[in-house]
Amino acid sequence: MDEEDTRDYREPCAQCSEVTWGITDEGKFYCRSCHNVIEKTKEVTTADSFTANARIFSISKGLRKKTKLEQGREWYLCEGFQFILKLQADAIQALGVCPQFKDEILCSFWRRYLQKSRQGYTKKPLKDMMRIIKVSESSQSSDSQSLDCWSSLSESELEEGQSDENSGPASTSRSRSPLSDDFTSVCSGSVDGRFHRPQRQRTRMLMSMPMTLAFCSMSLLWLRESITLSELLRFVVEGHIPYINVYQSFPEELKLYGKDTHIFRVDSFPSCESIQQHIYKIAAFLDLPRFPEITENCVLHPNILCIKYLMEANLPDEIHSYIWRVVKRTGMGEEASLTFDPLAKPMIPINYDIKAASIVIVTLKLIFKLDDEFEWSLSNDAESVNRNKEGVEIFNFRKWYKTMKQALDKANEGVEEDVARYMWQCKKPIFYSSKTRSVVVKRKRMVVNLQQQFKKLTGSVPRTPQQPPSSFQFTWDEESQDKPCFHGHSLRAFLKEGAVCDLLNTGYWHTALKQCRKEYCKGHLQLEEPHLPRSYIFILNLFSFMLKVDSALLHAEVHETERLLLKAKAPTTPSGKRRRRVLHLIPCL
Amino acid sequence: MDDLYEELLATVEQEASERYDQQTSILQPGFPLPLPPKLQLPHSRRGRKESGFHKTERICLRQILKALFQHQWQKASALMTNYFQNIEETSYRRQRSSCERFWRLGTEILRHHPRSKIDDFNSFLDRMKNIGVKNYLKICLEHSFHLLSNGMLEDANRQLSLAESWRCKDTCATQQQMIQGYRGLLDYYTWVQKRDALTETEKYDYTAATAKQDMQSYFRQASVNLSAIIKQPGVWDPFVLSYVNLLEFYDDHDAALQMLNDYAYDNKFPPNPNAHVYLYQFLKRHQAPWRKLVKVLRILQLLVPSHELMLEFCSLLAVPDKRKYHHEALKVLFSLLDYSSWKDNPDVWNSLEKTIQLVFKVGASAWIKEEWASRKDWWPAFHFSAYQAKKSLAENAPVAYSKAFVAGLLLGKECKYFKTIYKGGRKKRPEMLKEMKKYITNHNLAE
């Protein structure tokens with residue numbers, strides 16, 4: 001620190017003529033060799049070296065001393081994000097992903113990001129380029145003209161210049177202008193927090209909190225790990241992966257202040273789509289090559305992912321053979337359409353979980369028709385058969401619906417309770433500026449007092465302790481009464497008599513297949529919902545609960561899968577499925 | 001949720017008789033209606049996505065209200081600990097609107113929680129005064145009222161002094177008036193204490209004269225303050241009751257009647273059923289003529305058709321040889337039974353049975369048809385299902401028989417309700433049912 005501040009002062013000492021200056025605790029200069037304290041303070045130095053900007057310093061001088069007391073060491077935003085990423089990576093590692101995840105994949109992505117955004121690991125950091133411009137400009141003008149030079153730059157340029165000067169850890173080794181130091185210390189705890197602006201975030205890919213999750217998800221995708229994006233977000237919501245209020249666990253020296261609070265504080269959980277968008281952007285920005293191929297053996301392949309959803313939704317295993325056919329028919333299992341390639345145009349979507357769920361739903365529609373009639377009438381048949389016969393039980397849609405409905409309602413209640421009890425505020429108060437500090441601290445104290453008072457009245461209301469992380473939200477048991485398991489049931493009631501896999505159902509309904517432009521189409525499901533069969537809506541809600549995505553999004557994906565399925569030609573082999581009778585439920589909207 | 005919130009507010013306000021609402025008559029001058037709470041509640045605005053923090057706030061509020069209505073005080077206080085995190089909300093607009101909610105919800109919980117003590121209450125309200133400065137006066141007044149109802153007159157008085165010392169622009173005049181009104185209430189309670197201390201024997205005692213004088217001075221203070229505040233348009237139920245009590249004690253019936261009349265019939269006042277109830281009770285206590293009593297209740301019936309005084313109204317109307325009063329009674333009874341709270345009340349059904357018989361006697365069955373016309377779509381399912389017949393026969397036989405009579409007349413003796421009762425009750429009350437059947441056959445209204 002001392003060196004940085006004294007570097008610009010090159011006068012020899014009056015007593016011993018050495019040029020080794022240090023700074024005392026009071027901020028005064030002293031000679032390191034003879035310990036002679038001179039009448040020179042840090043601020044004066046800066047004013048000396050930049051006489052043109054003396055006015056600015058005199059303004060910021062008063063503030064600086066105050067903030068100095070609160071501040072830890074100087075730090076950069078990317079350090080903070082790196083710390084968060086490390087915490088998240090540790091948490092994900094603890095979930096049992098492959099050990100390469102943190103040290104090889106995520107780390108190299110992160111390094112590449114720092115390099116690409118020229119924040120670090122680069123010989124030519126962004127700030128240097130800007131500095132060259134600045135130096136060349138200032139060298140043209142003499143010292144006395146420097147004021148003109150500064151004023152000739154527009155304000156935005158001025159800030160930009162400074163931000164770039166400070167936008168990397170590498171810059172610590174270089175002489176930093178004390179000017180920017182003063183500026184930043186006023187507005188944010190971190191050095192570059194002040195220059196972190198939403199507009200710039202877009203153009204220069206500056207980090208944001210959702211992007212940390214995008215990095216994690218991208219690394220998982222690279223490793224073809226079984227944790228899908230929706231699952232990752234669920235772990236975030238359940239608190240297994242740190243996200244909300246992570247800044248609490250920052251080391252003491254990283255003080256959050258001013259603009260930093262806006263950057264690190266989050267008041268919502270990100271949605272699947274927004275993270276996906278971030279992944280697309282980051283991957284393109286990092287110039288990543290094609291990701292490892294999603295083959296049939298990968299967990300992310302629809303064939304395998306669907307098994308998971310079948311298990312979770314408590315559906316018979318037999319359905320999988322139909323799923324397999326649907327995947328094949330629609331071509332959704334092909335590597336080319338699954339493997340993420342950042343450079344491909346059009347972009348290959350990577351919402352494997354939603355795709356898989358839509359395949360399951362389409363298959364269910366094929367088997368049970370889900371038109372509020374067919375499935376119930378066949379359930380009656382299944383019930384009577386089950387009553388008379390011993391042996392493998394036949395799948396009864398009604399019974400399944402009742403079980404699932406109960407489980408879903410209960411789970412929804414639990415989720416709502418969790419949402420209601422979620423604590424968003426962190427224990428340590430953070431404040432935007434020192435002006436509001438007293439108010440914030442006072443309010444915090446008030447909250448704590450009130451909470452203590454009411455906690456006394458709470459008594460011992462039983463609250464379920466946090467569950468360990470699990471891939472499944474619903475568990476089914478062969479033995480238990482209230483959570484019966486349907487996995488082993490046979491689909492015989494829905495098949496033609498004597499046939500192995502010929503379905504009894506020959507009709508298939510779907511909504512209008514016309515593709516609509518995504519940006520204009522948002523409330524598709526809302527419009528259609530009153531006309532859609534209730535059993536379909538239930539299944540949609542069930543899966544949207546399981547994936548924690550909006551049911552409208554899932555509906556759109558089902559629609560997309562149907563389009564692929566119906567576009568595919570009917571097989572020429574006579575043994576294949578019969579051509580389906582297509583019912584247009586709603587011809588057009 | 002809004003309804004719940006509205007109800008909550010209503011109960012809180014009713015109990016505390018907190019009638020200091022600056023928002024009245026903002027919408028329509030001359031017609032004082034409080035702003036619907038919907039306008040006060042911050043909702044997720046359409047188009048903008050709700051943040052997770054606000055979602056938590058919304059759902060937490062909903063669950064607290066649910067817990068309050070189900071009287072789960074422990075759960076409510078547990079949720080409340082979470083809800084307090086919203087004090088740290090940074091948006092000024094939201095902060096302002098939520099301050100009142102913290103106060104109202106917290107008070108409600110503390111008032112009902114079995115383990116809360118008056119100290120908790122005091123410290124809570126003191127804190128609330130600090131976060132919601134806008135509500136300072138309201139909180140002080142309500143605090144004082146709560147202390148008053150707990151018999152802590154001294155502390156209540158201190159709260160009023162606190163409120164008095166607080167200054168805020170625009171509110172000074174009304175503020176003074178409110179505080180004086182509450183002072184009047186305090187004086188009244190002191191007066192009540194003194195009155196109770198004066199036992200019957202002491203009343204004629206010489207030494208009691210000073211005590212009486214003391215009482216007289218409290219009476220004067222209280223009556224000045226109370227009458228001043230009651231003159232303002234608003235709902236002042238506890239104040240009115242106290243004032244009436246005072247006046248009655250000193251036999252100033254005319255003044256009391258005048259005040260109650262103003263309170264009930266002045267158009268400047270918001271419509272308040274209780275005003276009519278108090279007037280009616282007063283008139284009844286002082287043996288007012290039948291005509292006056294009926295007049296008051298008739299207006300009350302228009303305001304609250306399901307009021308419990310309606311049965312009394314019907315019995316008042318049951319004057320022999322007065323056709324038009326039978327018609328009115330019939331109407332009142334039918335509209336009473338539109339409300340589910342009266343569904344299984346034996347008295348109502350019984351008097352309906354009697355009134356119908358009377359109406360038939362005077363030969364005006366058209367009246368019944370007229371009443372039935374608007375109800376025939378939904379009453380059969382609401383009152384006369386077979387399930388209800390079985391249930392009421394098992395639990396509440398008198399209701400069942402009366403209802404069966406009405407159902408048989410209105411729907412014919414083939415209707416489910418009558419048939420079920422007839423079958424079920426044949427063994428126990430064969431003669432009565434047979435007679436009933438006969439009556440129904442003779443006087444059938446069903447087409």
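Residues numbered from 1 in each chain as written. Chains lettered and ligands numbered in written order. Predicted model: local features only at pLDDT ≥ 70, side-chain atom pairs only at ≥ 80, totals over all residues. Heavy atoms only, no water.

Engineer: Hey, could you run me through the overall build of chain A in this one?
Structural biologist: Helix and strand counts for chain A stand at 24 helices and 5 strands. Here chain A holds 589 residues, and the buried ones make up 48% of them. Restricting the contact set of chain A to residue pairs at least 6 apart, pairs at least 24 apart contribute 72%. A total accessible area of about 29,700 Å² is found for chain A, and carbon and sulfur atoms account for 53% of it. (Helix = DSSP H or I, 4+ residues; strand = E, 2+ residues; numbered from the N terminus. Buried < 20%, exposed > 50% of the residue type's maximum accessible area, 1.4 Å probe, protein only. Contact = heavy atoms within 4.5 Å. Areas by Shrake-Rupley, 256 points an atom, 1.4 Å probe, with all protein chains shown as cover.)

Engineer: Help me out: how do you make sense of the nonpolar core in this one?
Structural biologist: Soluble, globular proteins show a tendency: their nonpolar side chains are buried together. Ranked by size, the top nonpolar core spans 128 residues in total, and within it Phe215(A), Met218(A), Phe264(A), Phe368(A), Trp400(A), Phe494(A) and Phe543(A) carry the most contacts. Among the elements that take part in this core, helix α18 (residues 352-368) of chain A stands out by supplying 12 residues, more than any other. Formed by 102 residues, the second largest nonpolar core is a distinct cluster that contains Leu148(B), Leu185(B), Ala256(B) and Met310(B). (Core = buried A, V, L, I, M, F, W, Y, C linked by side-chain atoms within 4.5 Å.)

Engineer: Mind showing me how you'd approach helix α24 (residues 551-567) of chain A here?
Structural biologist: In an α-helix, one turn spans 3.6 residues, which is why side chains three or four residues apart end up on the same side. When the terminal C-alpha atoms of α24(A) are compared, their 24 Å separation across 17 residues agrees well with the 24 Å that a helix rising 1.5 Å per residue should span. Turning to α24(A), its buried residues are Ser551(A), Ala552(A), Leu554(A), His555(A), Glu557(A), Val558(A), His559(A), Thr561(A), Glu562(A), Arg563(A) and Leu565(A). (Expected span 1.5 Å × (residues − 1).)

Engineer: Looking at this model, I keep getting lost on the interface of chain A and chain B. Mind explaining?
Structural biologist: The partner chain B presents 36 residues to the 26 residues of chain A that form the contact. Note on chain A versus chain B: buried area summed over both sides is about 3,100 Å², and carbon and sulfur give 59% of it. It is Arg443(A), Phe454(A) and Leu457(A) that lose the most area in chain A upon contact with chain B, and together they represent 23% of the buried surface on that side. Where chain A meets chain B, there are 2 salt bridges. Measuring nitrogen to oxygen at the nearest pair gives 3.1 Å for the salt bridge that ties Glu88(B) to Lys444(A). In this structure, the connection of chain A to chain B is made through 19 residue pairs in polar contact (both at pLDDT 80 or more). Sorting the residues of the side of chain A that touches chain B by element identifies α20 (397-420) and α21 (434-458) of chain A as the ones contributing at least two each. Counting residues per element, the side of chain A that touches chain B draws most heavily on α21(A), which supplies 13 residues. Class assignment of the residues belonging to the side of chain A that touches chain B gives a composition of 11 nonpolar, 7 polar and 8 charged. (Buried area = accessible area lost by both parts, 1.4 Å probe. Salt bridge = Lys/Arg side-chain N within 4 Å of Asp/Glu carboxyl O. Polar contact = N/O pair within 3.5 Å; in protein donor to acceptor, adjacent residues only side chain to side chain. Nonpolar A, V, L, I, M, F, W, Y, C, P; charged D, E, K, R; others polar.)

Engineer: Could you clarify how one ought to interpret the environment of Phe340(A) in this entry?
Structural biologist: All names here are of chain A. Take Phe 340: it is sitting in the loop between α17 (335-338) and α18. Counting along the chain gives 50 residues from Phe 340 to Arg 290, while the straight-line C-alpha distance between them is 6.3 Å. Discounting chain neighbours no more than four positions away, the residues touching Phe 340 are Leu 221, Ile 279, Tyr 280, Ala 283, Arg 290, Phe 291, Met 347, Ile 348, Ile 350 and Tyr 352.

Engineer: Can you help me understand the pattern of salt bridges in this one?
Structural biologist: Side chains bearing opposite charge may pair, as long as their charged atoms lie close to each other. Within the structure shown, the criterion is met by 32 salt bridges over all chains. Note that Glu416(A) is salt-bridged to Arg62(B), the shortest N-O span being 2.9 Å. Within this pair, whereas Glu416(A) is found in helix α20, its partner Arg62(B) is found in helix α3 (residues 52-69), the two belonging to separate chains. The exposure class assigned to Glu416(A) is partly exposed, which follows from its relative accessible area of 27%. Given a relative accessible area of 29%, Arg62(B) falls into the partly exposed group. Here the salt bridges do not stand alone but share partners, grouping Glu100(B), Arg104(B), Glu108(B), Arg111(B), Lys138(B) and Glu142(B) into one network.

Engineer: Where do I start with the environment of Val296(B) in this structure?
Structural biologist: All names here are of chain B. Residue position: Val 296 is located in helix α14 (residues 290-303). C-alpha separation for the pair Val 296 and His 276, spaced 20 residues apart in sequence, amounts to 6.4 Å. For Val 296, the residues in contact, after removing those within four places along its chain, are Tyr 265, His 276, Leu 279, Tyr 280 and Leu 283.

Engineer: Just to check I follow, could you spell out the packing of aromatic side chains for this structure?
Structural biologist: Two aromatic rings, taken as a pair, are described by how far apart their centres are and by the angle between their planes. By the definition in use, this model includes 54 aromatic pairs over all chains. Taken together, a centroid distance of 5.3 Å and an interplanar angle of 70° make the contact between Trp376(A) and Phe397(A) edge-to-face. Of this pair, Trp376(A) sits in helix α19 (residues 374-388) while Phe397(A) sits in helix α20; the two residues are 21 residues apart in sequence, bridging distant segments of the chain. Through successive ring pairs, a cluster of aromatic residues spans Phe368(A), Trp376(A), Phe395(A), Phe397(A), Trp400(A), Tyr401(A), Phe486(A), Phe494(A) and Phe538(A). The aromatic ring of Trp509(A) is capped on one face by Lys365(A), whose charged end is 3.8 Å from the ring centroid. For the cation-ring pair, Lys343(B) lies above Phe382(B), with the distance from its terminal atom to the ring centre recorded as 4.7 Å. (Phe/Tyr/Trp six-rings, centres within 6.5 Å; stacked < 30°, edge-to-face > 60°. Lys NZ or Arg CZ within 6 Å of the ring centre and 35° of its normal.)

Engineer: Please explain a positive patch on the surface as it appears in this structure.
Structural biologist: Residue and element names in this part refer to chain B. Judged by side-chain charge, Lys 419, Lys 423, Arg 426, Lys 427 and Lys 434 come together as a positively charged surface patch. Looking at the element boundaries, Lys 434 is found in helix α23 (residues 430-442). Lys 434 sits in the exposed class, given a relative accessible area of 59%. (Patch = residues over 30% accessible without salt bridge, like charges linked within 9 Å, V, L, I, M, F, W, Y side chains within 5 Å. Lys, Arg positive; Asp, Glu negative; His and termini not counted. Charge placed at Lys NZ, Arg CZ, Asp CG, Glu CD.)

Engineer: It is not clear to me how the packing of helix α5 (residues 92-112) of chain B against helix α7 (residues 136-149) of chain B should be interpreted in this structure. Could you clarify?
Structural biologist: A pair of packed helices is captured by two measures, namely the crossing angle of their axes and the spacing between those axes. All names here are of chain B. Running from amino to carboxyl end, α5 crosses α7 at an angle of 10°, the nearest separation of the two axes being 12 Å. What the angle tells us is that α5 and α7 run roughly parallel. Touching Glu 100, Trp 103, Arg 104, Thr 107 and Arg 111 of α5 are Lys 138, Ile 139, Glu 142 and His 146, all from α7. Tallied by class, the residues present in the contact of α5 with α7 amount to 2 nonpolar, 2 polar and 5 charged. (Axes fitted to C-alpha atoms, helices over the stretch in contact; angles between N-to-C directions. Parallel < 35°, antiparallel > 145°, perpendicular 65-115°, else oblique.)

Engineer: What is the right way to look at helix α20 (residues 386-395) of chain B in this model?
Structural biologist: Residue and element names in this part refer to chain B. For α20, the full list of buried residues reads Gln 388, Ala 389 and Ser 392. Across the axial projection of α20, the buried residues extend over an arc of 105°, all falling on one side. Exposed side chains of α20 directed beyond 90 degrees from the buried face belong to Tyr 387, Lys 390 and Ala 394. Buried positions along α20 lie against α19 (379-382), α21 (397-411) and α22 (416-425). (Arc of directions from axis to C-beta.)

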